[in-house]
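One letter stands for each residue in the lines below.
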Amino acid sequence: MANKEPVNPSHATFDLFVQAKTCQEVKKHFTELCRQLQLDPKDYSNFYTKLKESLNYWKAKAVWTKLDKRASQDVYEQGKACAQNKCLVLGAGPCGLRTAIELSLLGAQVVVLEKREEFTRNNVLHLWPFTIYDIRELGAKKFYGKFCSGSLDHISIRQLQLILLKVCLILGVEVHTGVEYKGLIEPSVEKGWMAKLEPPSHPAAAFQFDVFISAGGGRFVPEGFKHKGLRGQLAIGITANFVNRNTAAEIQVPEISGVARIYNQKFFQDLLNETDIDLENIVYYKDDTHYFVMTAKRKSLLKRGVIKQDYSDADQLLAPANVDHAALYLYAHDAAYFSTGGQLPDLQFALNPAGQRDVAMFDFTCMHRAEHASLVRERRGKKLLIALVGDCLMEPFWPLGTGIARGFMASFDTAWTVRSWGMGVQHMTVIAERESMYQLLSQTTTENTSKKYPLYSIDPKTRYQRINLSAIHTRQVKKPFIKAEGK
Ligand code: FAD
């Protein structure tokens, strides 16, 4: 017999919101949900409470339980710690969104700007145990049932963005897509700090803020910050995504969670002998796609005709005109085929948003990191805290899978900094503490961070085993970080 139970339209919309698989779908169902429940998503400080009250739906309750648990941590001071702060977050990558969630839990008004309209990256992120725990505790399983089931410790970038976007919206964060940040506008007598946007008439251009978080990804350097490049040995990364049809045969193929040359000489020698492909390491994850990331040796790329001409300069070597894409596809295909023992015989490339085969070659020879993580600008008596998170702060070496873990650590550290800012801690102390935390970031490993994941919070003492928040003295930060310009 058909189920005659009346369907509450808002329950059905909530289900669609939870299941939505693209950024625009998420936003559409969220807007519809707000309309049906007559909720104003701009009422950020009451939004979550009102949503809970008006959507009396058992499926939603499982999400509320998770989020209420997080929100009850003492550090948020019941959402009052930053109730007076207005935060602009540049970038809806995983780190921008993760930071936005924390700022919202602290009670701040949070606006996120993202220049893209869609989340399209199939590439897969390795997750450390604390990130799995963290994302699960935000209700990830409710939004993406497959999240880290069994022993899986990875997720595609786009799926992670979708989960975090949904949590952001539920908590009252405003997320604008299709809008590009172009720079800061200094305050006038009447107005505070604002952002220059493209399109200039975008409503978020009127937002005045006292905290600016830059999460614009690798190589994005906001004004006032300097990046330094750490030049290592030539390292050429190749990523490739193949269609995953989830057949029984595909499910059987074991993943390769990272095999490096030094640990399996025979594998790499056989690969070289059979295919002329010479790799330093290779990772294979099964997610929405079959995803491979490998570090390839220059000589073998030349030999297989992927790189046309040899240059000592990495930029010239990997310039698009010097790459034969057909040869690159074949190289990635053959490496994937060999490393899975031929068990994936029907390897068909997934397509990227441009409709091309999703294969890319990246140069990791020079990794960038910001010289410092935060600064304060002051103009006309109006202070602005600026902080960097994610790849914008420190670029990761993807094959090692450090990106998202260190990225989230920096998101939490930054949220702690904003908390201090909101609670009136002297701004030089705020900066000195942020820089003290930043000193630890590049050495952070799964071994030297606390294993007590349930105790993790934005308080750095809950995560770092040894943290000295006064490692950098306020005297040391005055000159480089505090920029007071006129009155
Ligand atoms: P990102 O994820 O890069 O997000 C930055 C966001 O800011 C982007 O959405 C961008 O559109 C937006 N943005 C930038 N400038 C502006 C602006 N002016 N205005 C508005 N919005 C702006 N890591 C791995 O471990 N494995 C991989 O295979 C892998 N592949 C990657 C492939 C690509 C193409 C890229 C860019 C990154 C990849 N990474 C990979 C890195 C990984 O995505 C990041 O470590 C992770 O996503 C955390 O990054 P983030 O949030 O700091 O920045």
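What counts and what doesn't
Residues numbered from 1 in each chain as written. Predicted model: local features only at pLDDT ≥ 70, side-chain atom pairs only at ≥ 80, totals over all residues. Helix = DSSP H or I, 4+ residues; strand = E, 2+ residues; numbered from the N terminus. Rg over C-alpha atoms; globule rule 2.2 N^0.38 Å. Contact = placed C-beta atoms within 7 Å. pLDDT = per-residue confidence, 0-100. Near = placed C-beta within 6 Å. Nonpolar A, V, L, I, M, F, W, Y, C, P; charged D, E, K, R; others polar. Pairing = 2+ DSSP bridges. Axes fitted to C-alpha atoms, helices over the stretch in contact; angles between N-to-C directions.

**Considering the overall build of the protein**
Logical step 1: Scanning the protein from N- to C-terminus turns up 16 helices and 18 strands.
Logical step 2: The C-alpha atoms of the protein give 23 Å as radius of gyration, which agrees with the globular expectation for 487 residues (23 Å, within 12%).
Logical step 3: Counting only C-alpha atoms, the protein reaches 75 × 70 × 45 Å along its principal axes.
Logical step 4: By sequence separation, contacts in the protein at least 24 residues apart represent 70% of the contacts at least 6 residues apart.

**Examining unusual backbone geometry**
Logical step 1: Here Glu198 and Pro199 are connected by a cis peptide whose omega angle stands at 5 degrees.
Logical step 2: Mapped onto the secondary structure, Pro199 falls in the loop between β7 (194-198) and β8 (211-214).
Logical step 3: Although it is not a glycine, Asn246 sits at a positive phi angle of roughly 55 degrees.
Logical step 4: Assignment of secondary structure puts Asn246 in the loop between β10 (236-243) and α9 (248-252).

**Concerning the confidence of the model for the protein**
Logical step 1: Overall, the predicted model of the protein reaches an average pLDDT of 93, with 97% of residues at or above 70.
Logical step 2: Among the prediction metrics, the complex's ipTM stands at 0.98, with pTM recorded as 0.95.

**Brief notes about the site of the ligand**
Logical step 1: Gly91, Gly93, Gly217, Gly390 and Gly403 are the nearest of the 32 residues found near the ligand.
Logical step 2: Counting residues per element, the ones that place at least two in the shell around the ligand are α5 (94-105), β2 (109-114), β6 (180-185) and α14 (403-422).
Logical step 3: Counted by class, the shell around the ligand contains 15 nonpolar, 11 polar and six charged residues.

**Concerning the sheet that holds strand β13 (residues 289-296)**
Logical step 1: The strand order across the open sheet built from five strands is β11-β12-β13-β10-β14, with neighbouring strands paired in antiparallel fashion. Whereas interior strands pair on both sides, the edge strands pair on one side only; in this sheet they are β11 (256-260) and β14 (359-363). Geometrically, the sheet is characterised by an average inter-axis angle of 10 degrees between neighbouring strands, direction not taken into account.
Logical step 2: Bridge count between strand β12 (residues 279-286) and β13: seven bridges; the pairing is antiparallel.

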